[in-house]
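Take a look at the letters that make up each chain.
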Amino acid sequence: MADLKVKIGDITFSNPLIAASGTFGFGHEYNEFYPLSKLGGISCKGITLQKRDGNPPPRIAETPSGILNAVGLQNPGVDHFIKEDLPWLKQQDTVIIANIAGNTTEDYCKMAEKLSDSDVDMIELNISCPNVKSGGVQFGTSCESVGAITSAVRKYCKKPLVVKLSPNVTDIAEIAKAAEANGADVISMINTLTGMKIDINTRRPIIRNNTGGLSGAAVFPVAVRMVWQVANAVKIPIIGMGGITTWQDAVEMMIAGATALQIGTVLFNDPYAPIKICEGMNKFLDDNNIASVTELTGTIKPW
Ligand SMILES: Cc1cc2nc3c(=O)[nH]c(=O)nc-3n(C[C@H](O)[C@H](O)[C@H](O)COP(=O)(O)O)c2cc1C
């Protein structure tokens, strides 16, 4: 059996598969299918300083090979997360990542400060949510704003800091460099691509928010391209995501440059996907006489 463990800084993941933020809640529902220790980690639903109800429905629409969502960061707030959700999550023997979003830079800093005194293993800065009016992607689309928020949060963040990038930009490599230069320990990418679906009879957008974020298999080639570009631009590790559905996708994303992976939308079709992907990766590594999954990262041979 090949070694599936990956390391990011001082943190060891039992395998590269991490549940993506917003697609796994705080883990309770999936724990009915399997022990959460089967996962390398869990990136929890995005939390904000205060509780949020999210956007009005409809908030999700199916599209060819993907979904559009505009959930709008529904969550119970950071204090509730620390008090009620984190103690149980920490018993699950997997890496716990807190995913945070804010209306203002101060919100992000306050949350980073609170979470630094908690038991979370890593903090993931969501500056890429396309589905909220304030907070989210407006921090993530220019090098200046990404640099400013990363360096502000860095001052309060005593945990490894993951900066999650938006694909809705012109040059994602430049944005990644700004995050790295201002103190990010890790890049995670990609968040959803802004999309739209219209009912031709009512002529209304299907999603109440008008637009939503596209995820799932449809975005996979875009994510691979961006991970490859960013891997060529920064030295810090990348957690790659966006449409990973099969073990072949997982291997491909690592070859493109990812050290670890997150998977989200596929979980709605098949909650067992991470387990099946780990099994498939293991067999691929064994069949190819590769001792450790870490040997895949960044081994692309571009033309
Ligand atoms: C319903 C839904 C809710 C999401 N909520 C969050 C969130 O709270 N924070 C965040 O950083 N990303 C959020 N995302 C984005 C995912 O974490 C991930 O970046 C994206 O879906 C691409 O991966 P996938 O194609 O494997 O789902 C959400 C995605 C979906 C589908």
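In the block above lies the structure referred to throughout.
Keep in mind it's a predicted model, so treat the numbers as computed, not measured. (Residues numbered from 1 in each chain as written. Predicted model: local features only at pLDDT ≥ 70, side-chain atom pairs only at ≥ 80, totals over all residues. Heavy atoms only, no water.)

## Concerning the overall build of the protein
And step 1. Tallying secondary structure elements over the protein gives eight helices and 14 strands in all.
And step 2. At 18 Å, the protein has a C-alpha radius of gyration in line with the 19 Å of a compact globule built from 303 residues.
And step 3. Projected onto its principal axes, the C-alpha positions of the protein cover 50 × 50 × 45 Å.
And step 4. For the protein, the proportion of its 303 residues judged to be buried stands at 56%.
And step 5. If you take every contact in the protein between residues at least 6 apart in sequence, the share linking residues at least 24 apart comes to 70%.
And step 6. Accessible surface for the protein amounts to roughly 13,200 Å². Of this, 51% is attributable to carbon and sulfur atoms.
And step 7. Of the side-chain charges in the protein, 27 are positive and 30 negative, and the distance between the mean point of each set is 5 Å. (Helix = DSSP H or I, 4+ residues; strand = E, 2+ residues; numbered from the N terminus. Rg over C-alpha atoms; globule rule 2.2 N^0.38 Å. Buried < 20%, exposed > 50% of the residue type's maximum accessible area, 1.4 Å probe, protein only. Contact = heavy atoms within 4.5 Å. Areas by Shrake-Rupley, 256 points an atom, 1.4 Å probe, with all protein chains shown as cover. Lys, Arg positive; Asp, Glu negative; His and termini not counted. Charge placed at Lys NZ, Arg CZ, Asp CG, Glu CD.)

## Points about the packing of helix α5 (residues 220–231) against helix α6 (residues 247–256)
The description of two packed helices rests on the angle between their axes and on the distance between the axes.
And step 1. The contact between α5 and α6 brings their axes to 8 Å, and the two run at 25°. Classified by the angle between their axes, α5 and α6 sit roughly parallel to one another. Each of F220, A223, V224, V227, W228 and A231 in α5 lies in contact with α6, whose residues at this interface are D249, E252, M253 and A256.
And step 2. In terms of residue class, the contact of α5 with α6 is built from eight nonpolar, no polar and two charged. (Axes fitted to C-alpha atoms, helices over the stretch in contact; angles between N-to-C directions. Parallel < 35°, antiparallel > 145°, perpendicular 65-115°, else oblique. Nonpolar A, V, L, I, M, F, W, Y, C, P; charged D, E, K, R; others polar.)

## A look at the pairing of strand β14 (residues 260–263)
And step 1. Burial along β14 is two-sided: A260 and Q262 facing one way and L261 and I263 facing the other are all buried.
And step 2. The parallel pair strand β13 (residues 238–240) and β14, bridged by α6, forms a crossover whose chirality is right-handed. (Right-handed = clockwise from strand over helix to strand, strands pointing away.)

## Remarks on the site of the ligand
And step 1. Among the 24 residues in the neighbourhood of the ligand, the closest are listed as S21, K164, G216, G243 and T265.
And step 2. With respect to the ligand, the backbone of S21 contributes an N or O atom lying 2.7 Å from an oxygen atom.
And step 3. Take N126: an N or O atom from its side chain is 3.2 Å from an oxygen atom of the ligand.
And step 4. Relative to its free-state accessible area of 610 Å², the ligand is covered by the protein chains to the extent of 97%.
And step 5. Counted by class, the shell around the ligand contains seven nonpolar, 15 polar and two charged residues. (Near = heavy atom within 4 Å. Polar contact = N/O pair within 3.5 Å; in protein donor to acceptor, adjacent residues only side chain to side chain.)

## Structural notes on helix α1 (residues 78–90)
And step 1. Here α1 spans only 16 Å end to end across 13 residues, well under the 18 Å set by a 1.5 Å rise per residue.
And step 2. Where α1 bends most, the angle comes to about 35°, and this point is E84, followed within four residues by the proline P87.
And step 3. Of the residues making up α1, those classed as buried are V78, F81, D85, L86 and L89.
And step 4. Buried positions along α1 lie against β4 (41–43), β7 (95–100) and α2 (105–116). (Expected span 1.5 Å × (residues − 1). Bend = angle between axes of the 7 residues up to and from the residue.)

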